[in-house]
Amino acid sequence: MQRKEVCGWNLCESAKSVFQLCFFASALGGLCAFAVHLILDTFMTLPILLVVLLILFLVIALFGGFFTYVYWWLIQRPLPQHNGSLHVDGLSAPVEVIRDKHGIPHIYAATIADLWIAQGFVHAQDRLWQMEQQRRIANGTLAERFGKAALDVDRFSRVIGFHRSAAAEWETLDADARAALEQYVHGVNAYIASRPGQLSAEFNLLRRPPAPWTAVDVLAFGKYIGWTLSINWESELLRLQLAGQMDPFRAADLEPNFPADNPIIAEGVGSQEAMRLVETAGLLLNEYDKIKTWTGPQGALLGSNSWVLGPQKTLTERPILCNDPHLALTIPGIWYENRLTCPEFSVAGASFAGAPGVVIGHNERITWGLTNALPDVQDLFIERPHPDNAPFLGAPENSAPRYEANGAWTEATVHHESIVIRNSEPHVEEVIVTRHGPLISGLIGDKATLPLSLRWTGHDPGNIVHAVLRLNRATNWDEFNAALDHWSLPPQNVTYADVDGNIGYRLAGRIPVRAAGLGLTPAPGWNDDYAWTGEIPAAELPRIFNPPSGMIVTANNKIVGDDYPYFLGIEFLPGWRARRIEEMLKTKKRLGPRDMQRIQLDTTSLYAEALTPFLTQQESDDPYVKIAINLLRNWSYAMEADSGAALVFQYTKLHLLEMVFGDKAFAGKGGELFKRYKGETISPFFVANGFSLRAETRLLELLRKEEESAWYTDAATGRPRSRDELVMEALTQSVKRIRREVNATPRQWAWGRMHQIRYIHPMGSVRLLSGYFNRGPFPIGGDSTTPNQTSFAPELPPGLVQIVAAYRQIVEVGDWDAMQSITVTGQSGHALSDNYVDQLPMWLEGMYHAMPWSREKVEEGMAHRLELIP
């Protein structure tokens, strides 16, 4: 559902340019008709067969010319040059770019300045359209290209203020970070200037070249990425709505605890006394009570895996570090692999096209991986406007709006953001920024009935560029930590290993400290009782170094026990993936790279293992329900694409969620609140939600603890149901729906028939171009609880998969030539490139490619050599 919405604004407007092509084709058709008429008039005396042949030749020639124009001139001609030499202004010496058969560049430069210029140039060669899309989302300028359909996305970006925050951050950066950014965008702009009309098929089809890049564009892109990985604000908003529509006890009862059997990261230290999670409902009950006091009565899941093994756990006695960040499914994928080498340092791994450096990877001494840490770095504040203000945002004419702050009235800052709209008049968005941050109430519409401002760490100037550049050059644990001390946004779990045999972990990022409260629900903003008082000192952020267990696992699970002196949040994922990874790592005394592959590709769900026994103990007289139960009884809990049991499980789980929560807590509310509770986001552009998997976890808690519960009641009739009656009804309804939506024959039941990935490019949503740009659909296994995560919108029928492992890497420390990696599509963003989707079949089949390090191995795998000349 969300994927269709995401593409909707793209389609509608990109179709206009394609319509122009179709108009051209129609004109050709008219020309053909005119030519036929002319031939018939002129050559009436010729044999009819000859006339027909002339007409046929003319039609083929004209439509062949049209096809050539579209295929070659608009789409194929922009393919970049990968061999020979090119002149690039600004270089001080030649730069060598060696690519392998997958198009992965190994860049060798004489100076660090030339290296950043070359990386910007190469990123633009392969991914300029993707970079343009991301820049426009961050800057709020999509409507300039795609018209009114993109206006809401632009309004969102302008109100949140990615570009404003980036501009403020630019003023605070040190000289090294500024230089790297300026050199990088110089390389991007050098490529743009070198190929007018030949940048990409998308620019040609839309007939709009990109504007030159600036350093602030790169920073704004970083803010946008940080926002997509920060999730608490929607959770606070949902809790505000729940507080307005049910009593505090019932609202708090919707929230689960972190599963007691699942690991927390800090337990890798070996402590036997780490405290488990304080009762979540107890924390929230207090928060919900406070909301009532303040407000009065009111009317796909991102994740990642990373683990590191010490020498005592591996076959070669070298540390092994693995990472597979799970992000939104896009074509091309979000990660871009590259190797960067200059006299000062050398680094290889995954980068973001649109920013300098390597985000995940290794240098000659250390390697590292990232997973989203999910601490709470966003708070909503309820503002108290001056009586003269308009109800939420406005102010008397010619004056700034005022809001209460500690008994006084303070003026807010007003920004008038002019949004250019293609083929329409500009829209002016009035953005009001209080002392906490921008007012977002206007964006939310009827989902909020109070003036709400947003406090976010991303609004403060950070130094993420400096952190990445220092991380790329770090050579030991101390330098690694010193680099991450500068990491601002988004907070990340960072795993570590080095050539000396050390392994480690630390939390990196700015995390606020609050004067009071937990930041779980909107707080009063008219005084400082709940204000942010600072941030957790970098030296006190959780870290682990050489744990006795010899392994560290992170999978977006809870980070520390409750004895940690700072509150990090409650919206960590419930730890099913982390527990499964730990379980597999303990199956052997020593493990090697093939074992790591097996773990990254594993589709076993420990959540399914916990829930399925409640299904398999049922008995039924219905033959099809009997077959479904038997499938579950013989199931290994692997969410394989060809598994009928996995299909039955998923349908039954979704029916249980509806029968337990949807028809009671959210009845009569149009279903929107229930979708939010299950993890759907407000904006289809930002797919992360703090409530992801919370409904499933709470469901399992109830079934484990309570044979009878008010949650089991049939809301339509008021009839109480026991746990077994509830489960039996869910199974029966699921089988009926599977037979209707999938296949009436159980032999044809397979999870992959409903669980699929489809790569949809914005331009490929136009039928004429879909064959060029789109790929799929492909059946796929896994779900949101398996190590090989493939998250989908939790609705019936299941939607397309939204979150996948966008990049996988396995690094055996010191044996750098043995590094293995894979991306979800390919290196190139050009639809007709050999490297557009050449890695896709490998990714689907669980294969990897080599990422060589030594110059000798790089030369062995060379497919293209390009020299960039000053």
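Just so you know, these numbers come straight off a predicted model, no measurement behind them.

Asks: Just to check I follow, could you spell out the overall build of the protein chain for this structure?
Replies: Per the secondary structure count, the protein chain includes 26 helices and 30 strands. Within the protein chain, the proportion of its 870 residues that are buried is 62%. With an accessible surface of roughly 31,600 Å², the protein chain has 55% of that area assigned to carbon and sulfur atoms.

Asks: Is there a simple way to explain the pairing of strand β3 (residues 105-108) in this structure?
Replies: A regular strand places its side chains so that they alternate between the two faces of the sheet. Of the two faces of β3, the one lined by P105 and I107 and the one lined by H106 and Y108 are each fully buried. Between the antiparallel neighbours strand β2 (residues 95-99) and β3 lie 5 residues, among them G103 with a positive phi of about 80 degrees. Where β3 and strand β6 (residues 335-342) come together, 3 bridges link them in parallel fashion. Opposite Y108, over in β6, you have T341 as the bridge partner.

Asks: How do you make sense of the environment of P841 when you look at a structure like this?
Replies: Examined against the element boundaries, P841 turns out to sit in helix α25 (residues 840-844). Residues P841 and T825, spaced 16 residues apart in sequence, show a C-alpha to C-alpha distance of 8.4 Å.

Asks: Just to check I follow, could you spell out the nonpolar core for this structure?
Replies: Side chains of a nonpolar character, in soluble globular proteins, are inclined to be buried together. Judged by nonpolar contacts, the single largest core of 174 residues is most densely connected at W335, L585 and M596. In terms of nonpolar packing, the next biggest core, distinct from the first, is built from 54 residues, A251, F674, W749 and F792 among them.

Asks: Explain the sheet that holds strand β7 (residues 345-352) here, please?
Replies: Sheet strands pair via backbone hydrogen bonds, and the direction of the pair is either parallel or antiparallel. One open sheet holds the 11 strands; their spatial order is β1-β30-β2-β3-β6-β7-β8-β9-β16-β17-β21, and the pairing between them is mixed. Strands with a single pairing partner mark the edges of an open sheet, and in this sheet they are β1 (84-87) and β21 (543-545). Across this sheet, the average inter-strand angle for adjacent strands is 20 degrees, counted without regard to direction. Relative to the sheet, helix α15 (residues 477-484) contacts β9 (366-372), β16 (492-498), β17 (503-508) and β21, its axis offset from that of β17 by approximately 10 degrees.

Asks: Is there a simple way to think about the pattern of salt bridges in this case?
Replies: Close approach of charged atoms allows side chains with opposite charge to pair. A complete count under the given rule lists 40 salt bridges for this structure. In this structure, D253 and R698 form a salt bridge, with 2.6 Å as the shortest nitrogen-oxygen distance. Residue classification places D253 among the partly exposed residues on the basis of a relative accessible area of 26%. R455 is the partner of D460 in a salt bridge, and the nearest nitrogen-oxygen pair spans 3.3 Å.

Asks: Looking at this structure, how should I read the sheet that holds strand β10 (residues 378-382)?
Replies: In spatial order, the strands read β15-β10-β19; together these 3 strands make up an open sheet with mixed pairing. For this open sheet the edge positions go to β15 (452-456) and β19 (523-524), each flanked by a neighbour on one side alone. Where β10 lies against β15, 5 bridges are found, and the strand directions are antiparallel. Residue pairing in the sheet places Q378 in a bridge with W456 of β15.

Asks: What is the right way to read a nonpolar patch on the surface from this model?
Replies: A cluster of nonpolar side chains, contributed by L53, L56 and I60, occupies part of the molecular surface with about 300 Å² of accessible area. Residue placement: I60 occurs in helix α2 (residues 48-76).

Asks: Just checking my understanding: could you explain the packing of helix α7 (residues 175-194) against helix α9 (residues 215-228) for this structure?
Replies: The angle between the axes and the distance between the axes are what describe a pair of packed helices. Look at α7 against α9: their axes get within 8 Å of each other, and the N-to-C directions meet at 105 degrees. Of the possible angle classes, the one that applies to α7 and α9 is roughly perpendicular. Contacts between α7 and α9 involve L181, Y184 and V185 from the first element and A215, V218 and L219 from the second. Among the residues forming the contact of α7 with α9, the class breakdown is 6 nonpolar, no polar and no charged.

Asks: How should the packing of aromatic side chains be read in this particular structure?
Replies: Centre distance and the angle of the planes are the two values used to describe a pair of aromatic rings. For the coordinates displayed, the defined rule picks out 24 aromatic pairs. Aromatic rings pair up to connect F156, F162, Y224, W227 and W456 into one cluster. The lysine or arginine in question, R339, covers the ring of W853, its NZ or CZ lying 3.9 Å from the ring centre. The ring of Y108 carries R855 above its face, with NZ or CZ at 4.3 Å from the centroid.

Asks: Just checking my understanding: could you explain the side chain of T697 for this structure?
Replies: Along the chain, the position of T697 falls in helix α22 (residues 694-705). Given the relative accessible area of 5%, T697 is considered buried. Of note is the side chain of T697, whose polar atom sits 2.7 Å from the backbone oxygen of L693. The contact partners of T697, leaving out residues within four places of it in the chain, are P256, N257, P259, P574, W576 and Y607.

Asks: Quick question: what am I supposed to make of unusual backbone geometry here?
Replies: Leaving glycine aside, a negative phi is the common case for residues, and trans is the common case for peptide bonds. Cis geometry marks the peptide bond from I331 to P332, where omega comes out at -5 degrees. Summarising the element assignment, P332 is placed in the loop between β5 (320-328) and β6. Residue P777 is bonded to the preceding G776 through a cis peptide linkage, with omega at 10 degrees. In this structure, P777 sits in strand β24 (residues 775-779). Notably, E317 is not glycine yet its phi reads approximately 60 degrees, a positive angle.

Asks: Where do I start with the environment of G462 in this structure?
Replies: Relative to the elements of secondary structure, G462 occurs in the loop between β15 and α14 (464-473). In this structure G462 comes out as buried when scored by relative accessible area, which is 5%. Sequence-wise, G462 and G509 are 47 residues apart; in three dimensions their C-alpha atoms are separated by 9.7 Å. When neighbours within four sequence positions are excluded, G462 is seen to be in contact with E169, T172, L173, K223, S488 and R510.

Asks: Just to check I follow, could you spell out the side chain of E404 for this structure?
Replies: By secondary structure assignment, the location of E404 is in strand β11 (residues 402-405). Given a relative accessible area of 14%, E404 falls into the buried group. With near-sequence residues (within four places) excluded, E404 lies in contact with R384, W409, G525 and W526.

Asks: Help me understand helix α23 (residues 723-741) in this model?
Replies: For an α-helix the count is 3.6 residues per turn, leaving residues at separations of three or four pointing the same way. For α23, which comprises 19 residues, the first-to-last C-alpha distance of 27 Å matches the rise-based estimate of 27 Å (1.5 Å per residue) to within 8%. Buried residues of α23: R723, L726, V727, M728, A730, L731, S734, V735, R737 and I738, and no others.

Asks: I would appreciate a short explanation of α14 in the present structure.
Replies: For α14, a buried count of 8 out of 10 residues is recorded, marking the element as mostly surrounded by other parts of the structure. Among the residues of α14, those classed as buried are I464, V465, H466, A467, V468, L469, L471 and N472.

Asks: Could you clarify how one ought to interpret the pairing of strand β26 (residues 801-805) in this entry?
Replies: Among the 5 residues that make up β26, 5 are buried, leaving the element largely enclosed by the rest of the structure. Here strand β25 (residues 791-792) runs beside β26; their pairing, made up of 2 bridges, is antiparallel. Its bridge partner being in β26, F792 is matched across the sheet by V801.

Asks: Would you mind showing me how to read the confidence of the model for the protein chain here?
Replies: Do not read the predicted coordinates in detail wherever pLDDT is low. Of the residues in the protein chain, 84% reach a pLDDT of 70 or more, and the chain-wide mean stands at 86. Here residues 1-29 is modelled with pLDDT under 50, and outside its nearest four sequence neighbours on either side it reaches 63 contacts, counting other chains as well. Taken together, the stretch residues 268-299 has pLDDT below 50 and engages in 88 contacts with residues farther than four places along the chain or on a different chain.

The rules behind each value
Residues numbered from 1 in each chain as written. Predicted model: local features only at pLDDT ≥ 70, side-chain atom pairs only at ≥ 80, totals over all residues. Heavy atoms only, no water. Helix = DSSP H or I, 4+ residues; strand = E, 2+ residues; numbered from the N terminus. Buried < 20%, exposed > 50% of the residue type's maximum accessible area, 1.4 Å probe, protein only. Areas by Shrake-Rupley, 256 points an atom, 1.4 Å probe, with all protein chains shown as cover. Pairing = 2+ DSSP bridges. Core = buried A, V, L, I, M, F, W, Y, C linked by side-chain atoms within 4.5 Å. Axes fitted to C-alpha atoms, helices over the stretch in contact; angles between N-to-C directions. Contact = heavy atoms within 4.5 Å. Salt bridge = Lys/Arg side-chain N within 4 Å of Asp/Glu carboxyl O. Patch = residues over 30% accessible without salt bridge, like charges linked within 9 Å, V, L, I, M, F, W, Y side chains within 5 Å. Parallel < 35°, antiparallel > 145°, perpendicular 65-115°, else oblique. Nonpolar A, V, L, I, M, F, W, Y, C, P; charged D, E, K, R; others polar. Phe/Tyr/Trp six-rings, centres within 6.5 Å; stacked < 30°, edge-to-face > 60°. Lys NZ or Arg CZ within 6 Å of the ring centre and 35° of its normal. Polar contact = N/O pair within 3.5 Å; in protein donor to acceptor, adjacent residues only side chain to side chain. Expected span 1.5 Å × (residues − 1). pLDDT = per-residue confidence, 0-100.

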